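Take a look at the letters that make up each chain.
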Amino acid sequence: MGLDDYLLPKEEVKFQSKNNVQYGGKNYQVIVTDRRIILYARRGAIFKSDDVVTFKLSDVEGIKYKEEGLIGKRGIIEIQGKTKAKLMGSTSEMKTLYQQLLQFL
C-alpha cells in the first residue's frame, strides 16, 4: 500500500514535505491536502507496514510556530484544535509547512 490508498476521492495534495518531521517520537512525511493533514510513514525492515495519522483541517483552530536550540535549531509547529499535535523538524522545512497550513485557517 502507498499514500494514494489513504487519499479520499477527489482529495488534492497541496503540499508534501521533503524531509521527515517528528511526531510522537516517530518520523513521518507530512502531506497537506485540501481537507486534511496526513502524517505518513512506511515502517519495517522485512515486513513493511504503513503508519498513518490524520487531522481534519476543519478541526484546526490555531497553529503556533517556534524555534528551539542554540546550535542545532529545530522548528516546532503546535496544531491546536479538538486534539493538540506537536511537529518538529528542520527550521526551513517547518517554516514552509507553517506557511502552507496558514492558507487553510
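Whatever comes next refers back to the structure up there.
Notes on the structure follow. Bear in mind that the values here come from a model prediction, so they are computed numbers and not experimental data. (Residues numbered from 1 in each chain as written. Predicted model: local features only at pLDDT ≥ 70, side-chain atom pairs only at ≥ 80, totals over all residues. Heavy atoms only, no water.)

**Examining the nonpolar core**
Put simply, the rule is: Definition used in this section: a nonpolar core is a set of buried Ala, Val, Leu, Ile, Met, Phe, Trp, Tyr and Cys residues joined via side-chain atoms within 4.5 Å. Only protein chains enter the accessibility calculation, which uses a 1.4 Å probe. A residue is then buried if its area is under 20% of the maximum for its type, exposed if over 50%, and partly exposed in between. Secondary structure elements follow DSSP: runs of H or I of four or more residues count as helices, runs of E of two or more count as strands, with numbering from the N terminus. Only heavy atoms enter the contact rule, under which two residues are in contact if any of them lie within 4.5 Å.
Counting 20 residues, the largest nonpolar core has V30, I37, L39, I77, I79, L97 and L101 as the members making the most contacts within it. Mapped onto this core, the elements with two or more residues apiece are strand 3 (26-33), strand 4 (36-43), strand 5 (49-56), strand 6 (60-68), strand 7 (74-81), strand 8 (85-89) and helix 1 (91-102). If sequence neighbours within four positions are ignored, L101 has contacts with V32, I37, L57, I63, I77 and I79.

**Description of the packing of aromatic side chains**
What counts, and what does not: Only the six-membered ring of Trp is used, alongside the rings of Phe and Tyr, when aromatic pairs are assigned; centres must lie within 6.5 Å, and planes under 30 degrees apart are stacked while those over 60 apart are edge-to-face, with the rest tilted. Here, a charge over a ring means that NZ of Lys or CZ of Arg falls within 6 Å of the ring centre while also lying within 35 degrees of the ring normal.
All told, the structure shown has four aromatic pairs when counted by the stated rule. Both rings, one in Y23 and one in F55, keep their centres 5.9 Å apart while their planes meet at 85 degrees; by these two values the pair is edge-to-face. One end of the pair, Y23, is in strand 2 (residues 21-23); the other, F55, is in strand 5, and 32 residues separate them in sequence. Owing to a relative accessible area of 22%, Y23 belongs among the partly exposed residues under this scheme. Here F55 falls in the buried class, since its relative accessible area comes to 10%. Between the aromatic rings of Y65 and Y98, the centroid separation amounts to 5.7 Å while the plane-to-plane angle is 40 degrees, which identifies the pairing as tilted. Taken as a pair, Y65 in strand 6 and Y98 in helix 1 lie far apart in primary sequence, 33 residues in all. According to the relative accessible area criterion, Y65 is partly exposed, its value standing at 22%. Under the relative-accessibility criterion, Y98 is labelled partly exposed at 23%. Site record: aromatic cluster; members linked through ring pairs are Y23, Y28 and F55. For R43, the ring lying beneath its charged end belongs to Y28, and the centroid distance is 4.9 Å.

**Here's the deal with the environment of D59**
Mapped onto the fold, D59 is located in the loop between strand 5 and strand 6. Its relative accessible area of 23% is what places D59 among the partly exposed residues. On a C-alpha basis, the gap between D59 and I79 in space is 9.9 Å, while along the polypeptide they are 20 residues apart. Non-local contacts of D59, meaning those with residues more than four positions away in its chain, are made with Q80, G81 and K82.

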